Amino acid sequence: MLTIPSLIERHIPYQSNSLIEQTPYSLAMDQSAAIPFDKALVDYLDVLETNAEEVLRPTEEVAEEDKILLTAPRDAQQGAGASSKRPNVTWLRRSEYIAHETRSTTGRKEGVENKFAMSGAAAKKRSYDTMQEQIAGIENTFKPVSTDLRHPQTKSKVKKITPLLPDMNCWENIYTIGQFSVEPADEARKAKRRAVAPVNNVRPSAIDATDRGILRPMVNPHDPTDTYLVWFLPDGPSTARLVQQKEDPLASLSDDNLTYNAVCDYEYSNDAGSGSKHLLISIHEDPDGDKAVYCPIRSKMLVRKKRALSAKLRYLDDYEKPNVLTVTYNN
């Protein structure tokens, strides 16, 4: 009796070695089945040597129905980059994609800036070398403006002209545009907004004093490279005082301190590049009339909610953080 091996034992796994991999295999080829790549050129040269008249037939012997397919040679003086129309091929069926022989380009629309009286880029550059020219240039900016100004699109006539001057009182202050990735209001304010109907033309952040929040920078004592911001919002009594002061700007806040509570931690990134150009414009009532002043805003800050650390790294957050801020406004 013979023992028949199992099905798995019948198959021997294939194993390769370096000798097999390095041994080239010869490929037998039939020379009669091989065709040279330049066979057409070889045949042309053979016919040219044996029967040149058959190859070099004059153009007059071309049939009349085939002459329309012939095109005249391009002028050598035009060069390879010269633009020319495509030949008129009658048997080529035109489609909607090749219906036009020349590429059509859409005209660029004129910017809104060019619709005004003058564009800043196209304005004439003038240098004021002497003091007299500088004084004359400054005085020219105070000339009366024409009251027949109209909006470039709606054609509405101007109703009021307010002079815009630099705010020298706040020029040295540093202003930054802050952009939150999520709603900065706390849960109590969000719930109150859902319960109360919105007021027309009034931002919810102005009603609950979310726009009066404070961002305080913090540094992790365990990791000096871990810098972040803590977002504080005023409590109930402080919110009522701030909202009342905004409704009546002439009324000053009392000497009592304002209390702010910590809401959330944010990571931040600053963009102080030259491409970020904004102005902070404010309008003030003056005895001589309304006056508008501006201050440059030279940076932009984007804040994102800070992620919680994992259980292994949670000890890095084990330090005392401020939960309450006491703020005093100087009237």
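Worth saying up front: this structure is predicted, and the values here are computed from it rather than measured.

Peer 1: Just checking my understanding: could you explain the nonpolar core for this structure?
Peer 2: A general feature of soluble globular proteins is that nonpolar side chains tend to end up buried together. Counting 10 residues, the largest nonpolar core consists of Met-218, Tyr-228, Val-230, Phe-232, Leu-242, Leu-258, Tyr-260, Tyr-319, Leu-325 and Val-327. Elements that contribute at least two residues to this core include exactly β4 (223–234), β5 (258–271) and β9 (324–327). No other element matches the 3 residues that β4 contributes to this core. Once residues within four sequence positions are removed from consideration, Met-218 is found in contact with Asp-226, Thr-227, Tyr-228, Val-230 and Pro-322. Grouped together as the second largest cluster of nonpolar side chains are 7 residues, Trp-231, Cys-264, Tyr-266 and Met-301 included.

Peer 1: Would you take a moment to explain the sheet that holds strand β6 (residues 278–286) for this structure?
Peer 2: Note: strands within a sheet are paired through backbone hydrogen bonds, in either parallel or antiparallel orientation. Pairing within the open sheet is mixed, and its 3 strands lie in the order β1-β7-β6. Whereas interior strands pair on both sides, the edge strands pair on one side only; in this sheet they are β1 (164–166) and β6. Across the sheet, the mean angle from the axis of one strand to that of its neighbour is 35°, orientation sign disregarded.

Peer 1: What am I meant to see in the packing of aromatic side chains here?
Peer 2: Each pair of aromatic rings is reported with the distance of its centres and the angle of its planes. This model, assessed by the stated rule, comprises 3 aromatic pairs. Judged by centre distance (6.0 Å) and plane angle (75°), the ring pair of Trp-171 and Tyr-294 falls under edge-to-face. Of this pair, Trp-171 sits in the loop between β1 and β2 (176–180) while Tyr-294 is found in strand β7 (residues 289–297), placing the two residues 123 residues apart along the sequence. Among the aromatic residues, ring-to-ring pairing joins Phe-180, Trp-231 and Tyr-266 into one connected group.

Peer 1: Any chance you could explain the pairing of β5 here in plain terms?
Peer 2: If a strand is regular, its side chains alternate between the two faces of the sheet. Alignment of β4 against β5, held across 6 bridges, turns out to be antiparallel. Within β5, the residue paired with Leu-229 across the bridge is Tyr-266. Sheet topology note: the β5/β9 ladder contains 4 bridges and is antiparallel. Of the residues in β9, the one forming a bridge with Leu-258 is Val-327. Pairing analysis gives 6 bridges linking β5 to strand β8 (residues 299–305), with the strands arranged antiparallel. Counted as the bridge partner of Tyr-266 is Lys-305 from β8.

Each value, and the rule that gives it
- Residues numbered from 1 in each chain as written.
- Predicted model: local features only at pLDDT ≥ 70, side-chain atom pairs only at ≥ 80, totals over all residues.
- Heavy atoms only, no water.
- Core = buried A, V, L, I, M, F, W, Y, C linked by side-chain atoms within 4.5 Å.
- Buried < 20%, exposed > 50% of the residue type's maximum accessible area, 1.4 Å probe, protein only.
- Helix = DSSP H or I, 4+ residues; strand = E, 2+ residues; numbered from the N terminus.
- Contact = heavy atoms within 4.5 Å.
- Pairing = 2+ DSSP bridges.
- Axes fitted to C-alpha atoms, helices over the stretch in contact; angles between N-to-C directions.
- Phe/Tyr/Trp six-rings, centres within 6.5 Å; stacked < 30°, edge-to-face > 60°.

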